[in-house]
Amino acid sequence: MEPGTGLRTERFQAALSTVEPGAADERTADWFQAVALGFHEARYDPKHISAVVEAYGQDGRWLTGVYDDEAPEYAWNPAAPVATYATMTHELNTGGALLPVHQITSVTVRPTHRRRGILRQMITSDLSRAKDEGFAAAALTASEAVIYGRFGFGVATSERTVEVDARGRLELTVPPSGTTAVADLAKLESLAPTIFRAHLERTRGAVGRQVGYAKRAAGLWGDLPEPEKDVRAAIHYSPSGTPDGYVSYKFLPWETEPHTLKVLDLVAVDDTARLELWRFLGSIDLVERITCPAAPEADPLPWALADRRRYAVKAHEDQLWVRALDPAAMLRARGFDADGALVLGITDSLDLASGRWLVQVDAGAAVVTELQAGDALPPGVPAVEMDAAAFGSLYLGGVSGQLLSAAGGVRGPADAVGTLDRLFAVSRAPYCSTHF
Ligand SMILES: CC(=O)SCCNC(=O)CCNC(=O)[C@H](O)C(C)(C)COP(=O)(O)OP(=O)(O)OC[C@H]1O[C@@H](n2cnc3c(N)ncnc32)[C@H](O)[C@@H]1OP(=O)(O)O
């Protein structure tokens, strides 16, 4: 933290103790307890922390703790940070290249230290470092929608919580394809990342996953890093016999009315595998309702159901938030479905992504030329300007420039916004099922 605040910042990686075999080191354990405090979770059992340390190492996470050494007598553990923050890197499918993104997670500030600018200090210094390290974009999933717009993050993907009425037979109109088997959970931990990788490579908006996902899919972890005995899973195989999708789920206690099966994770390489996994779920006896969080906004399921009114959207929420650090690199990485040219300007209060670029898309790829202040605009090329957060929202095609123009985030004449929309249009809403 800045001098004069009385606060001290440390950045480190989760580690095991060098003196107590199998335990996390104290700094790591204190950091986890502070995160639990911030998110209203139960205090960690030390054995759970050490289980997560290894996974954090595999994820390559960096942890930040902000410490207040002036804790009064009787205060909770003075060695625990008053603020936490963590980062890691995975790839984002941009519709073109897979772009490594700087992910931000585990952000908490203790109630007694809120609204003093601690988050602002942590995130602005971290974003600058990420930019210096060469990241083109940062990303996060947010606990509240009011926090990150001010830091230049825009909602780039949304997701649905879906409920399907499974009483009687769930009939699909598409012909069956491939086969489905109840999964050997012991083998799913190693198979799930392979299937997810194929999904990532084909799905605009998908982000690589932390190792905990496969452990949860296989029932090795639940909310805590302990086996969840009620988790089951199924695998779908393509007609050639390749596993191309899995679903893990649990049947909620019998007292639940109607009898409910909850999808924990559903990953499919393509629509066929996705629908076949739903066919399987809909064929399970004694199930009256299937709930599925993290379903795509552009979901083929209701269109493939003989009775589409069995499908109800119970919630629709922002999912991935994207923040530009190097807009030109982001545009070069992105895949475009239409060709054309546009001058695109970004205003950024943190000045990490400000600038103006000539974007010329040919055969789906952009040539991006930075324009300096005072440069004349290329004749005949429409120009738009937008806030950094609006660029983050537009980037994957999750919203139109016209809508953002109505909301004030994009500025320019109607024909220029029309060009922006033709260039950035995608055939299907982006989908990110990774929460972090
Ligand atoms: C990626 C993730 O991990 S998402 C998880 C975010 N964490 C949580 O939701 C846990 C509970 N909340 C918290 O721990 C804290 O309230 C935090 C982390 C959200 C904010 O930390 P603070 O240190 O209080 O934020 P800080 O003082 O830097 O505020 C920066 C600005 O954001 C605003 N702000 C921060 N949090 C909120 C909020 N929840 N609602 C409205 N405004 C907020 C502040 O008013 C301030 O505005 P200003 O710059 O115009 O003055």
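- The chain has the name GNAT family N-acetyltransferase in an unreviewed UniProt entry, where Arthrobacter gallicola is given as its organism.
- The annotation that UniProt attaches to the chain under Sequence similarities (unreviewed entry) is "Belongs to the acetyltransferase Eis family."
- What UniProt records for the chain under Subunit (unreviewed entry) is the sentence "Homohexamer; trimer of dimers."

## With respect to the UniProt feature "domain: N-acetyltransferase" (unreviewed entry) in the chain
Phase 1: In the numbering adopted here, UniProt assigns the feature "domain: N-acetyltransferase" (unreviewed entry) to residues 42–175.
Phase 2: Secondary structure across residues 42–175 divides into 22% helix and 34% strand, with the first and last C-alpha atoms of the span separated by 47 Å.

## Digging into the site of the ligand
Phase 1: Near the ligand, the surroundings consist of 22 residues, among which Val107, Arg114, Leu119, Arg120 and Ser143 are the closest.
Phase 2: Breaking the shell around the ligand down by element, the ones donating at least two residues are strand E4 (98–109) and helix H3 (118–132).
Phase 3: Residue classes in the shell around the ligand are distributed as ten nonpolar, six polar and six charged.

## Some words on the UniProt feature "binding site: acetyl-CoA" (unreviewed entry) in the chain
Phase 1: Here the UniProt feature "binding site: acetyl-CoA" (unreviewed entry) sits at Val107, Thr108, Val109, Arg115, Arg116, Gly117, Ile118, Leu119, Arg120, Ser143 and Glu144.
Phase 2: Its location among the elements puts Val107 in strand E4.
Phase 3: Assessed through the 23 C-beta atoms surrounding it within 10 Å, Val107 is described here as buried.
Phase 4: Setting aside anything within four residues of it in sequence, one finds Val107 in contact with Tyr85 and Leu119.

## Brief notes about the sheet that holds strand E17 (residues 365–371)
Phase 1: Pairing within the open sheet is mixed, and its five strands lie in the order E17-E16-E15-E18-E19. Two strands in the sheet have a free side with no partner beyond their single neighbour: E17 and strand E19 (410–411).
Phase 2: Pairing between strand E18 (residues 383–387) and E19: two bridges, direction antiparallel. Paired with Glu385 across the bridge in E19 is Arg411.
Phase 3: Strand contacts of helix H11 (residues 414–424): strand E15 (340–347), strand E16 (355–362), E18 and E19, with the helix running at about 105° to E15, the strand carrying the most contacts.

What counts as what
- Residues numbered from 1 in each chain as written.
- Predicted model: local features only at pLDDT ≥ 70, side-chain atom pairs only at ≥ 80, totals over all residues.
- UniProt positions renumbered as here; feature names shortened; annotations may be inferred.
- Helix = DSSP H or I, 4+ residues; strand = E, 2+ residues; numbered from the N terminus.
- Near = placed C-beta within 6 Å.
- Nonpolar A, V, L, I, M, F, W, Y, C, P; charged D, E, K, R; others polar.
- Buried ≥ 20, exposed ≤ 12 C-beta atoms within 10 Å, placed from the backbone.
- Contact = placed C-beta atoms within 7 Å.
- Pairing = 2+ DSSP bridges.
- Axes fitted to C-alpha atoms, helices over the stretch in contact; angles between N-to-C directions.

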